[in-house]
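Per-entry structural report
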Amino acid sequence: MRYAILADIHANLEAFTAVLDDIGEKGDIEEIWCLGDVVGYGPDPHRCIEILNQSRHVCVAGNHDMAAIGKVETTYFNSLAANAIQWTTGQLTPDDVQYLENLPLTIQKGDFMLVHGSPMEPLWEYVISTGIAVRNFTYIETTYCLVGHSHAPMAFMKDKDVGCKPVQLSPGIGLALGDNKMIINPGGVGQPRDGDPRASYAIYDSERQMIHLYRIPYDIDTTQKKIMEYGLPVALASRLETGR
Ligand code: ZN
C-alpha cells in the first residue's frame, strides 16, 4: 500500500491542489497522512479543510490549527503568524472549527507515529538537529515518526554508536526504512522553507519499505495575489517565491 505524507498545507490552496493532482497522477494511494497546520499564513483556510475532508485521510493538530480556534494563545507566535491567525479565525465555518477541535496531537499508523512538532512537544518543538532528534527517540513507541512544523524535508536515524545520524531525503533518492528508529519530515506543502519554493510532500510504500520525496511546482502568483487582496502581511506573499 502507498500513503501520501503531507505537512504544513497552511491554507495554500494552489500548492495543496497541485500536490493532490500529483498524487492523483501517481495513483494507488490508500490514504493521506496529514501532519498538521492545515491553516494559518495562507489565504484559503476554509477551502483547504473542505478539500482535505473530501480525501481519505488522517490528520494531527498543528500549532496554527489550535491557535485558529483559540486553543493556544497567539502570544506564542511572531507578529506575521499572529496577524494571519486572527484573519484565519474569521474565515472558519462552524464545521471547520469542529474539524480542527477534533484533531488529536498524535496518531499511530502501524509502524508510524504521526505528530506535528515532536514526540516530546507535539505542537511546538522543531526537530531540526541530531541533538533534538536523539532526545525524542525515547518518546517514540513505534519504529518511525513523521513530523512537520519546520517546513524543510529532512530525516534522522537512531544510531548505536553516535546516537543519531542525519539521513538524506531528496527527490529522486528513495529513503529505505530499516530496523533503526527514524524521524522523517516530508517538508512543507504550502510554505516551503528550505530554499526551494516548490510544494514538498512524500509517499510511503509499505511493500518496498521506502519513502520518496516529491517537489511540485504550483501557481505561486495566484496565492500571492490573494494574500495581498485579503490584506494578509506582504511578507507572507514574498516568502513563497523564495521558499524561505
Ligand atoms: Zn507550519
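For the structure, check the block above.
The text that follows walks through the structure, step by step, so that each part is easy to find. Quick caveat, the model's predicted, so the values are computed rather than measured.

Concerning the coordination of the zinc ion
Binding of the zinc ion to the protein goes through D8 (OD), H10 (NE2), D37 (OD) and H151 (NE2), at separations of 2.0 to 2.5 Å. Here the zinc ion binds 4 donor atoms, and the angle range of 88 to 176° at the metal identifies the geometry as irregular. Take D37: its relative accessible area is 1%, and that puts it in the buried class. Given the relative accessible area of 2%, H151 is considered buried.

A look at the sheet that holds strand β6 (residues 144-146)
Ordered by their spatial adjacency, 6 strands build an open sheet running β4-β5-β6-β10-β7-β8, and the pairing between neighbours is mixed. Both edges of this open sheet fall to β4 (106-109) and β8 (163-167), since each of them pairs with a single strand only. Strand after strand, the sheet turns through a mean of 20° between neighbouring axes, direction not considered. The pairing of β4 with strand β5 (residues 112-115) spans 4 bridges and is antiparallel. Pairing of T106 across the sheet is with V115, part of β5. Lying over the sheet, helix α6 (residues 130-137) contacts β7 (153-159), β8 and β10 (182-186), oriented at roughly 125° with respect to β8.

Focus: the pairing of β7
Regular strands show a simple pattern: their side chains alternate between the two faces of the sheet. Inspection of the sheet shows β7 paired to β10 by 5 bridges, in the antiparallel sense. Considered in β10, the bridge of M157 is made with M182. Judged from the 5 bridges that link them, β7 and β8 form a sheet pairing that is antiparallel. Of the residues in β8, the one forming a bridge with F156 is P166. Linking β7 back to β8 in an antiparallel pair, the connection comprises 3 residues.

Structural notes on the packing of aromatic side chains
Inspection of every chain in the model, using the stated rule, returns 10 aromatic pairs. Arranged with centres 5.6 Å apart and planes meeting at 15°, the rings of W87 and Y230 form a pair that is stacked. You can see W87 sitting in helix α4 (residues 79-91) and its partner Y230 sitting in the loop between α7 (220-229) and α8 (234-242), a full 143 residues away along the chain. Given the relative accessible area of 35%, Y230 is considered partly exposed. Look at F112 and Y144: their rings are 5.1 Å apart centre to centre, the planes differ by 45°, and that puts the pair in the tilted class. Taken together, the residues span a long stretch of sequence, with F112 in strand β5 and Y144 in strand β6 at a distance of 32 residues. When sorted by exposure, F112 lands in the same class as Y144, which is buried. Among the aromatic residues, those joined into a ring-pair cluster are Y3, W33, F112, Y144 and Y204. Over the aromatic face of Y214 sits the side chain of K26, whose NZ or CZ is 4.0 Å from the ring centroid. Seen from the ring of Y41, R239 lies directly overhead, with NZ or CZ sitting 5.8 Å from the centre.

What counts, and where the lines are drawn
Residues numbered from 1 in each chain as written. Predicted model: local features only at pLDDT ≥ 70, side-chain atom pairs only at ≥ 80, totals over all residues. Heavy atoms only, no water. Donors = N, O, S within 2.8 Å, 3.2 Å for Na, K, Ca; no water. Tetrahedral: all angles 85-135°; square planar, octahedral: opposite > 155°, others 65-115°. Buried < 20%, exposed > 50% of the residue type's maximum accessible area, 1.4 Å probe, protein only. Pairing = 2+ DSSP bridges. Helix = DSSP H or I, 4+ residues; strand = E, 2+ residues; numbered from the N terminus. Axes fitted to C-alpha atoms, helices over the stretch in contact; angles between N-to-C directions. Contact = heavy atoms within 4.5 Å. Phe/Tyr/Trp six-rings, centres within 6.5 Å; stacked < 30°, edge-to-face > 60°. Lys NZ or Arg CZ within 6 Å of the ring centre and 35° of its normal.

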